[in-house]
Amino acid sequence: QRPTPLDEAKWGFAVVENSLWQAVPEFLRQFDEKLTTHLGEGLPIDASPVKFSSWMGGDRDGNPFVTSSVTREVMLLSRWKAADLYLSDIQELVSELSMVKCNDQVRELAGDEHEPYRAILKDLRAKLTNTRDVLDAQIKGLSVPNFGIIEHVDQLWDPLYACYQSLHECGMGIIADGLLLDVLRRIKCFGVHLVRLDIRQESTRHSDVISELTRHLGLGDYDQWSEQDKVAFLVRELASKRPLLPRDWQPSPDVQEVIETCKAIAEQPREALGAYVISMARTASDVLAVHLLLKEAGCPFRMDVCPLFETLDD
């Protein structure tokens, strides 16, 4: 029985959980020690020399089973797994950080609580639990509870970094540089999305969209144009402030699927995504076509569009 794209993505998340989650902070500790030994300066706490991307659930090149809905579900699963892993870490920190001495910033964050670090951590624990529940409901297509959830990396980083600074200021640096430091390193590496998803599609799928569109608009067949004419059209449309896709247009299923994929990308924050890879790229118009389709889908950021040149002529 062939694994589904969702199965593959889940196996990828299992690699993060069972290996990389522990390996990253351990490696960064060693890296920090080497830097200190050889350069007299350690690794900045907010540095992230290691990042992970994945193609599982994003590589639709020749795989009809990787659809826009699969990509959306994989992105939700990725965030669910991240929340689940952070929840385990925070639970451990709740047990560990029972001290009462803190600086003014932590006191302000914790209010009148006797154990300020625990108060901050318990609030994070509640938000992460809510995040997991909300994502679980979205994955299963159930009604989504109206909870406050973790959506941005700063929501994790800011309170934990405040705890870290306070512990150092109050003479408890050894405790701060234990599990808490590891969690801060993980936040910078994995963010709230665990891995950044790469999208991959074959070049002719994009030109097919634009060809079908230009025929519908009575502009001729884009595929029959010269490269010079294609580039001129794409650059003009990229600079235009009006939308190109007509409201009443009903594209073919294959074209609709490419457009839906671009819409799925547009719904995500930039940090959730890696690159948009074009296989069998041949010309500049192949890259411009992807940028135009992403713009038309309402993508608010400029995604890295990476052409793969797979023949000597290309």
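As a reminder, the structure under discussion sits directly above these lines.
Every value quoted in this text rests on a predicted model; they were computed, and no experiment measured them. (Residues numbered from 1 in each chain as written. Predicted model: local features only at pLDDT ≥ 70, side-chain atom pairs only at ≥ 80, totals over all residues. Heavy atoms only, no water.)

**Regarding the pairing of strand β3 (residues 273-279)**
Every other side chain in a regular strand lies on the same face of the sheet, so the side chains alternate between the two faces. Counting buried residues along β3, seven of its seven residues qualify, which places the element largely inside the surrounding structure. Relative to β3, strand β2 (residues 196-202) is paired through five bridges, and the arrangement is parallel. Paired with Arg-200 across the bridge in β3 is Val-277. Of the crossover connections in this fold, the one passing from β3 over helix α10 (residues 284-296) to the parallel strand β4 (residues 304-307) is right-handed. (Buried < 20%, exposed > 50% of the residue type's maximum accessible area, 1.4 Å probe, protein only. Helix = DSSP H or I, 4+ residues; strand = E, 2+ residues; numbered from the N terminus. Pairing = 2+ DSSP bridges. Right-handed = clockwise from strand over helix to strand, strands pointing away.)

**Observations regarding the pairing of β4**
Sheet topology note: the β3/β4 ladder contains four bridges and is parallel. Residue pairing across strands places Ala-275 opposite Asp-304, the latter belonging to β4.

**Overview of the pattern of salt bridges**
This model, assessed by the stated rule, comprises 17 salt bridges. A salt bridge links Glu-17 to Lys-81, with the shortest nitrogen-to-oxygen separation between them at 2.9 Å. Taken together, the residues span a long stretch of sequence, with Glu-17 in helix α1 (residues 5-39) and Lys-81 in helix α2 (residues 68-96) at a distance of 64 residues. Here Lys-81 falls in the buried class, since its relative accessible area comes to 12%. (Salt bridge = Lys/Arg side-chain N within 4 Å of Asp/Glu carboxyl O.)

**What about unusual backbone geometry?**
One non-glycine residue, Leu-194, lies in positive phi territory at about 70°. Note that Leu-194 resides in the loop between α6 (173-190) and β2. A residue is classified by how much of its surface remains accessible, and Leu-194, at 1% relative accessible area, is buried. Of note in this structure, Met-280 is not a glycine but carries a positive phi near 55°.

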